[in-house]
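Below, each chain spelled out in residue letters.
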Amino acid sequence: MNADKLVLLSGIKPTGEIHIGNYFGAIKQFVELLNDDSHQGFVFIADYHALNFIQDAAEMKRLTRNLARTYIACGLDPERVVLFKQSDVSAHTELAWIFDTITTMPYLMRAHAFKDAEAKNKEIVVGTFNYPMLMAADILLYNASVVPVGQDQKQHIEYARDTAEKFNRIFGETFRLPEPHILLDVAVVPGIDGRKMSKSYENTIPLFASRDEITEAVMGIVTDSSGDRPENVYAIHRLIKTDEELASLYEEHKGKYKALKEALIEDLDTFIAPMRERFEALTTDAEIDEILHKGGALARERAEAKMDEVRRAIGVR
Ligand code: AMP
Ligand code: TRP
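Just so it is clear, the model here is predicted, and its values are computed rather than measured. (Residues numbered from 1 in each chain as written. Chains lettered and ligands numbered in written order. Predicted model: local features only at pLDDT ≥ 70, side-chain atom pairs only at ≥ 80, totals over all residues. Heavy atoms only, no water.)

1. Overview of the pattern of salt bridges
Reasoning step 1: Throughout the structure, instances matching the rule amount to 26 salt bridges.
Reasoning step 2: A salt bridge links Glu231 to Arg229, with the shortest nitrogen-to-oxygen separation between them at 3.2 Å.
Reasoning step 3: Using a relative accessible area of 45% as the deciding quantity, one classes Glu231 as partly exposed.
Reasoning step 4: Between Arg311 and Glu304 there is a salt bridge, with the nearest N and O atoms lying 3.4 Å from each other. (Salt bridge = Lys/Arg side-chain N within 4 Å of Asp/Glu carboxyl O. Buried < 20%, exposed > 50% of the residue type's maximum accessible area, 1.4 Å probe, protein only.)

2. Observations regarding the environment of Arg176
Reasoning step 1: Tracing the sequence through the fold places Arg176 in the loop between helix H9 (154-171) and strand S5 (179-181).
Reasoning step 2: Judged by relative accessible area, which is 40%, Arg176 ranks as partly exposed. (Helix = DSSP H or I, 4+ residues; strand = E, 2+ residues; numbered from the N terminus.)

3. Side note on the site of ligand 1
Reasoning step 1: As a matter of local geometry, ligand 1 sits amid 18 residues, with Gly150, Asp152, Val189, Met197 and Lys199 nearest to it.
Reasoning step 2: Taking Met197, its main chain carries an N or O atom lying 2.9 Å from a nitrogen atom of ligand 1.
Reasoning step 3: Contact distances for ligand 1 include 3.1 Å between an oxygen atom and a side-chain N or O atom of Lys199.
Reasoning step 4: For ligand 1, whose accessible area on its own is 480 Å², the fraction buried by protein is 92%. (Near = heavy atom within 4 Å. Polar contact = N/O pair within 3.5 Å; in protein donor to acceptor, adjacent residues only side chain to side chain. Areas by Shrake-Rupley, 256 points an atom, 1.4 Å probe, with all protein chains shown as cover.)

4. Re the side chain of Lys261
Reasoning step 1: Position of Lys261 among the secondary structure elements: in helix H13 (residues 257-281).
Reasoning step 2: At 10 Å, Glu262 is the nearest oppositely charged side chain to Lys261, a buried residue that forms no salt bridge.
Reasoning step 3: With sequence-adjacent residues up to four places away left out, Lys261 is seen in contact with Val218, Met219, Ile221, Thr223 and Val233. (Lys, Arg positive; Asp, Glu negative; His and termini not counted. Contact = heavy atoms within 4.5 Å.)

5. A look at the pairing of strand S3 (residues 81-85)
Reasoning step 1: Taken across its 5 residues, S3 has 4 buried, putting it largely inside the fold.
Reasoning step 2: Examined bridge by bridge, strand S2 (residues 39-45) and S3 share 5 bridges and lie parallel to one another. Paired with Phe42 across the two strands is Val82, which belongs to S3. (Pairing = 2+ DSSP bridges.)

6. Focus: the site of ligand 2
Reasoning step 1: Residues in contact with ligand 2 amount to 14 residues; listed here are only the nearest, Gly11, Lys13, Tyr131, Asp138 and Gln153.
Reasoning step 2: Side-chain polar atom of Lys13 to an oxygen atom of ligand 2: 2.8 Å apart, as the coordinates give it.
Reasoning step 3: Within the side chain of Gln153, a nitrogen or oxygen atom sits 2.9 Å from a nitrogen atom of ligand 2.
Reasoning step 4: For ligand 2, whose accessible area on its own is 360 Å², the fraction buried by protein is 92%.
Reasoning step 5: Of all the secondary-structure elements, those providing two or more residues to the shell around ligand 2 are strand S1 (6-12) and helix H8 (131-140).

7. Thoughts on the pairing of S2
Reasoning step 1: With 7 of its 7 residues buried, S2 lies for the most part within the structure.
Reasoning step 2: Burial along S2 is two-sided: the face carrying His39, Gly41, Val43 and Ile45 and the face carrying Gln40, Phe42 and Phe44 are both buried.
Reasoning step 3: Bridge count between S1 and S2: 7 bridges; the pairing is parallel. Paired with Val7 across the strands is Gln40, a residue of S2.
Reasoning step 4: Each parallel crossover has a hand, and for S1 linked through helix H1 (residues 20-35) to S2 it is right-handed. (Right-handed = clockwise from strand over helix to strand, strands pointing away.)

8. Remarks on the domain arrangement of the protein chain
Reasoning step 1: One can read the domain layout of the protein chain as domain 1 (6-187 + 285-314) and domain 2 (199-279).
Reasoning step 2: On a C-alpha basis, the centres of domain 1 and domain 2 stand 31 Å from each other.
Reasoning step 3: Between domain 1 and domain 2, the contact holds 16 residues from the first and 16 residues from the second.
Reasoning step 4: Both sides of the domain 1 and domain 2 interface together cover about 1,400 Å² of buried area, and 69% of this is carbon and sulfur.
Reasoning step 5: A per-residue breakdown of the area domain 1 buries against domain 2 is headed by Ile20, Phe24 and Ala73, which together make up 40% of the total.
Reasoning step 6: Scanning the region where domain 1 abuts domain 2 turns up 0 salt bridges.
Reasoning step 7: Residue composition of the side of domain 1 that touches domain 2, grouped by class: 8 nonpolar, 5 polar and 3 charged. (Domains from an automatic or database assignment. Buried area = accessible area lost by both parts, 1.4 Å probe. Nonpolar A, V, L, I, M, F, W, Y, C, P; charged D, E, K, R; others polar.)

9. Thoughts on the nonpolar core
Reasoning step 1: Ile20, Phe30, Tyr71 and Leu268 are the most contacted members of the largest nonpolar core, which totals 55 residues.
Reasoning step 2: Residues from two domains meet in this core; each of domain 1 (6-187 + 285-314) and domain 2 (199-279) gives at least three.
Reasoning step 3: Other than its neighbours up to four places away in sequence, Ile20 contacts Gly25, Met197, Ile205, Pro206, Leu207, Ile236, Leu239, Leu268 and Ile272.
Reasoning step 4: Membership of the second largest hydrophobic core comes to 44 residues, among which are Val89, Leu95, Phe114 and Ala164. (Core = buried A, V, L, I, M, F, W, Y, C linked by side-chain atoms within 4.5 Å.)

10. Points about helix H4 (residues 91-100)
Reasoning step 1: Residues of H4 that are buried include every one of Ala91, His92, Leu95, Ala96, Ile98 and Phe99, and no others. Seen from one end, H4 has its buried residues packed into an arc of 160°, which puts them on one side.
Reasoning step 2: In the core, the buried residues of H4 are packed alongside S3, H8, H9 and helix H14 (285-314). (Arc of directions from axis to C-beta.)

Spelled out as structure tokens, the structure:
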């Protein structure tokens, strides 16, 4: 591992099927940044974050392997990027505890995710309340400087920065402050109903959708009948084609929503097919487990070196 390169780190929770919002909002960016070799990459599966939602061992295993396959199908090369499971590196939860001791409740109560859960009047588990501290640990353990995520995660990166600053102030310079990396024009990918694409809204287009699933999703895109251009169709179309490429198509089929949807189905299928084939062809469970096992060992090495500094700084070593 090259110690001089800047570290890029990102993670996703294994809580369900990956959709094109996850791809364009997050995965695509880190795959591109990692493939130009300018960064050293740590990409992980946030299974301990997911445990707030997935409390079924078989489902956790299935979703975890699926996400590992997804990363690889999207172009991450496990030979060049450290691909691992959060739970394989116990330093994440240890450091989250240390952060808990310097973090106040009112500060965590200002988190959007917490406020949303509270607004829904849900009984909030401590793991959800504490979510930002585990995420801060994920990021800070590896001295990550670039953290590519969708817009909805920006506040969490700010929590990580604040926590790093606070720790450094109390215990001495230990952590590097991370930057989010958000591409503005794809920061929020809309779903087929025009709201943010999200599993919880059931408005997604799965990243490895079959032709039939793509057709069903696109035909379901909500269009209002005013205007020449169906905005919800266009918003998804422009993820895979430039405005210039789309200009003539949308001009030619002005007001013909069905033809435009058919064009979108064709373009989505062309775009998705190679990834879908890679995903389906990919390696056995045993091979996936082996990749994660190796990645876990590399991640642990890096994280333990950081923890050594941390334990000295706080006086437990
Ligand atoms: P989630 O599945 O919500 O945990 O999201 C995983 C990653 O995908 C995070 O970096 C999110 O910010 C990103 N993401 C999820 N939904 C969208 C969306 N509709 N638009 C852009 N990015 C998204
Ligand atoms: N909270 C992120 C999400 O919901 C997942 C995540 C956990 C993450 N730890 C991270 C993302 C560290 C980037 C860096 O999408």
